[in-house]
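Chains, contacts and geometry: an overview
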Amino acid sequence: MNELELVQLAENPDPRAPCLLLLDTSASMSGEPIRALNEGLQTFCRDVLKDELAKRRVEVAIVTFGNGGVQTAQDFVTVDEWTPPTLRSGGSTPLGQALETGLTLLRARKDLYKRAGLQYYRPWVFLITDGEPTDTWQDAAQKAQQEDANKGLLFFAVGVEKAKMDTLSKIAPPQRPPIKLKGLNFADLFLWLSQSQQRVSHSRVGDQLALPPIGWADVST
Amino acid sequence: MTWHLVAASVTGEAHLKQEKGNEDFFCLASRLDGSLLLIVADGAGSASCGAEGAELATTVALEFLSEVDLPTTEDAWQMLLLETAQYVHNTLEAHATTREKNIKDFACTLLLGVLTPSWVAAVQVGDGAIVGMNDETITRLTRAAHGEYASETVFVTSQDYLEHCSFTVVSSETITGLVLLTDGLEPVAMNLQADEPFAPFFNPLFRFVRNEKGAYEKSQALSEFLESERINKRTHDDKTLVLVVRS
């Protein structure tokens, strides 16, 4: 290969694809739902790890609401350095406060990217809940929707089992209505999320990204 | 004057995985007056007909530049570069109408270089890079359009494409070599934080095209290089590199 062997490659940091998970860990998630959710997180991690590029680019953060109130269970970390937590259920559903905490976390992360001169993709915010908020959520929802409309993030809301879809449709951005999970099919949901994040982390403009088909949604509701 | 030319375009691993083809296209031609035309377009993966758009863009830009009278002043060159971008945009618009689609569906970038005995002119709309060499000094000749997010760019099909046309016209004495590359190579060829070319990437390439023999062998070797493990580890997008050096 002669001279071509002498070609040196520039060392550039990977652009980051932040993905914020807002997860309901309230008492109603006890038993099978929380078990399926925890397994879903493992599936997500395993699947992203298969993609050499995505595992260095996708950054996960988790904010839980329920057990212990609102908790940052995981601040942003690239998937190759992430150990999925085992979440426990209990308590009420302070969704509004969790959304607020998540948005703050995301803003801080973007500031950090900018200071470090890192390129990044449009952040995803993925909310999963099986109930109805027990706190005021209107302000936080409005902020999230506004940021979504300004292309500051992509906000997805997913309802599980007895989730109040009416309320959720007020929290989710009007252009992206909430999706009802088929049974407790967290495995397929997180596989989809992983595949989507892999596409994001390889993509150009996030806007018209063709996402994989959603096979985990309950279309009957 | 002799041109040493090499070009190659290979499908990115991400596209192979999604069973998509190479959405980069390039065209090289020399005019009867001895001027050289280098044209590259990168079809947007997010657009349904990005590859079709890129292929058409390179073809029509080539047609346009093959027939025009080449300018003799810097001003006229700048106009010609913008007119070429405009011609490509309008042709894609008309094509989209014929196909009963939106021009966005044919989204692609456009990178173009014209080398005459007196002038080197280049224009870029979108991402990727056009890099010039003078002796061992490597500089970026045009600027890529970037948004807030990684790899977010403007296309020649965008409504505001003219505002984002970045062009350069210089005397041929100041440029001994020219490279056009698509964004798939940016992570390995450019220092992204400084937004400058990474010279140790380019200098061996210029030596390679100047010193090696055989046009076919050279393009084969370049293809193999672009598909090599060490590059594929760092970038999964389609990769196109067009390089010319004069001696």
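The model shown is predicted, which means the values in this text are computed figures rather than measured ones. (Residues numbered from 1 in each chain as written. Chains lettered and ligands numbered in written order. Predicted model: local features only at pLDDT ≥ 70, side-chain atom pairs only at ≥ 80, totals over all residues. Heavy atoms only, no water.)

**Here we look at the pattern of salt bridges**
- Per the counting criterion, the structure on display carries 19 salt bridges over all chains.
- Where Arg35(A) meets Glu39(A), a salt bridge forms, and the shortest distance between an N and an O atom there is 2.8 Å. Of this pair, Arg35(A) and Glu39(A) both sit in helix 1 (residues 32–49), 4 residues apart, which is roughly one turn of that helix.
- Among the residues examined, Arg35(A) registers a relative accessible area of 41% and is labelled partly exposed.
- Glu39(A) sits in the partly exposed class, given a relative accessible area of 45%.
- Of the charged contacts, one joins Lys20(B) and Glu23(B) as a salt bridge, the two residues approaching to 3.8 Å between their closest N and O atoms.
- Where salt bridges share partners, they join Arg140(B), Arg143(B), Asp195(B) and Glu196(B) into one cluster. (Salt bridge = Lys/Arg side-chain N within 4 Å of Asp/Glu carboxyl O. Helix = DSSP H or I, 4+ residues; strand = E, 2+ residues; numbered from the N terminus. Buried < 20%, exposed > 50% of the residue type's maximum accessible area, 1.4 Å probe, protein only.)

**Some words on the environment of Ser172(B)**
Residue and element names in this part refer to chain B.
- Within the secondary structure layout, Ser172 lies in the loop between strand 8 (166–171) and strand 9 (177–181).
- Overall, the relative accessible area of 8% leaves Ser172 in the buried class.
- Considering only alpha carbons, one finds Ser172 and Ser118, 54 residues apart in sequence, at a separation of 5.0 Å.
- The residues touching Ser172, leaving out its near neighbours within four places in the chain, are Thr116, Pro117, Ser118, Trp119, Val120 and Arg246.
- Only 2.6 Å separates the side chain of Ser172 from the backbone oxygen of Pro117, close enough to count as a polar contact. (Contact = heavy atoms within 4.5 Å. Polar contact = N/O pair within 3.5 Å; in protein donor to acceptor, adjacent residues only side chain to side chain.)

**A word on the pairing of strand 2 (residues 58–66) of chain A**
Residues and elements named next belong to chain A.
- Burial runs high along strand 2: 9 of the 9 residues are buried.
- Neither face of strand 2 is left uncovered, since the one carrying Val58, Val60, Ile62, Thr64 and Gly66 and the one carrying Glu59, Ala61, Val63 and Phe65 both have all their residues buried.
- Where strand 1 (residues 17–25) and strand 2 come together, 9 bridges link them in parallel fashion. Looking at strand 2, one finds that Leu20 is bridged to Ala61. (Pairing = 2+ DSSP bridges.)

**Topic: the packing of aromatic side chains**
All names here are of chain A.
- Tallied over the full model, the rule gives 13 aromatic pairs over all chains.
- Members of the aromatic cluster, each reached through a chain of ring pairs, are Trp124, Phe126, Phe156, Trp192 and Trp216.
- Over the ring of Phe156 we find Arg176; its NZ or CZ atom is 5.2 Å from the centre of that ring. (Phe/Tyr/Trp six-rings, centres within 6.5 Å; stacked < 30°, edge-to-face > 60°. Lys NZ or Arg CZ within 6 Å of the ring centre and 35° of its normal.)

**Some details on the interface of chain B and chain A**
- Taken residue by residue, the interface counts 44 residues in chain B and 37 residues in chain A.
- Considering only the surface of chain B that becomes buried against chain A, Tyr149(B), Ala150(B) and Arg234(B) emerge as the three largest contributors, covering 20% of it.
- The interface formed by chain B and chain A contains 2 salt bridges.
- The salt bridge involving Arg207(B) is made with Glu3(A); its shortest N-O contact spans 3.3 Å.
- Summed over the shared surface of chain B and chain A, the result is 16 residue pairs in polar contact (both at pLDDT 80 or more).
- When residues of the side of chain B that touches chain A are traced back to their parent elements, those giving at least two are helix 1 (13–17), helix 4 (186–189), strand 10 (190–191), helix 5 (199–211), helix 6 (215–226) and helix 7 (229–232) of chain B.
- Counting residues per element, the side of chain B that touches chain A draws most heavily on helix 5 of chain B, which supplies 7 residues.
- Partitioned by chemical class, the residues of the side of chain B that touches chain A number 21 nonpolar, 10 polar and 13 charged. (Buried area = accessible area lost by both parts, 1.4 Å probe. Nonpolar A, V, L, I, M, F, W, Y, C, P; charged D, E, K, R; others polar.)

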